[in-house]
Structures are given as C-alpha cells and as structure tokens.
Amino acid sequence: MDNFIFYLIGFFVVIYTARMLGEKAMRHLDTQQKAGLIDLFSTERKFGSALIFCLVIGFLLVLQFRLIEPIIAFGVYFVVMVVYVVFKNIRTYKKLIANDYPQEYIKKILAANVLAAIGIIIFLALMFLEAFR
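The structure presented is a predicted model; accordingly, all values stated were derived computationally and were not measured.

J.: Kindly report on the side chain of glutamine 33, identifying the contributing residues and their values.
T.: Structurally, the position occupied by glutamine 33 is in helix α2 (residues 31-65). Judged by its relative accessible area of 17%, glutamine 33 falls in the buried class. Here aspartate 100 takes part through its backbone oxygen, which lies 3.5 Å from a polar atom of the side chain of glutamine 33. Setting aside its immediate chain neighbours within four residues, glutamine 33 contacts His28, Asp100, Tyr101 and Pro102.

J.: Hey, could you go over the pattern of salt bridges for me, with residue numbers and the actual values?
T.: What the rule picks out here adds up to 4 salt bridges. In this structure, the salt-bridge partner of glutamate 44 is arginine 91, at a minimum N-O distance of 2.5 Å. Of this pair, glutamate 44 sits in helix α2 while arginine 91 sits in helix α3 (residues 70-98), and the two are 47 residues apart along the sequence. One salt bridge in this structure joins glutamate 104 and lysine 107, with 3.8 Å as the shortest N-O distance. Highlighted residues: glutamate 104 and lysine 107, both in helix α4 (residues 103-131), separated by 3 residues, approximately one helical turn. Here the salt bridges do not stand alone but share partners, grouping Glu44, Arg91 and Lys95 into one network.

How each quantity is defined
Residues numbered from 1 in each chain as written. Predicted model: local features only at pLDDT ≥ 70, side-chain atom pairs only at ≥ 80, totals over all residues. Heavy atoms only, no water. Helix = DSSP H or I, 4+ residues; strand = E, 2+ residues; numbered from the N terminus. Buried < 20%, exposed > 50% of the residue type's maximum accessible area, 1.4 Å probe, protein only. Polar contact = N/O pair within 3.5 Å; in protein donor to acceptor, adjacent residues only side chain to side chain. Contact = heavy atoms within 4.5 Å. Salt bridge = Lys/Arg side-chain N within 4 Å of Asp/Glu carboxyl O.

Spelled out as structure tokens, the structure:
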C-alpha cells in the first residue's frame, strides 16, 4: 500500500473535477430549473450514494477477508459499477428530457456522472492491483 496516498489524491482530483463539471453545467439552467433539480433527484441522491458506498465497502471487505477470489470480486464489482452508471445515466437523461432541461446541461451533467464513476472504478482497480503486487 505504498502508493495508497497517491491513489487517494488522484481519486479526490477526479471527484473534484466531476463536481466542477456539474457546477459548470448549472450555468445552463435558470433559477426555476435549478430549484426543480432538488425535487427531481432527491430520491436518487439519497439511495444512489448509499448504494455506491455499500458497493465500495463490500468490495473492500471481500478483498480484505478473501471471501471469494479477488479477480472474481473485481470482475463482479466492475460489471455492477458499469451497469449502475449506465442505468443511472439513462434515468437521469429521461428525467431531464421529460422536464425540458437544456441539452447542453444534460450532456455536461452526464459527463460529470461518468467521470465520477470512472474515478471510483480506477481507484479501486489500483487498490486491487496494489494489494496483489
């Protein structure tokens, strides 16, 4: 785990960058649309964050206690994360289109979501590789 601090710093940089992309996307919205986002995505924010947290903790526990082969654990984790990102972005896209949000906002917010998910996947992949070096 010699490189853990570098992986963690990289992870935070990616998450921060994704957050900034999301903030930039907000410039394409008027005040009413910004307020509408709170109601539109309140459930997803709550449950989505909890799901990601549980997946990451579960993955790390499986690796720590070697409950299954690490390569299988990573494969399952990777597939679940990709499916989650695709599902989340499709739901987000459909909700934003149905509520007449600007295309420019939709593109930027989806890019921010994908970047954040990729950051999580890469961080855990690096942790995985480091643990079995």
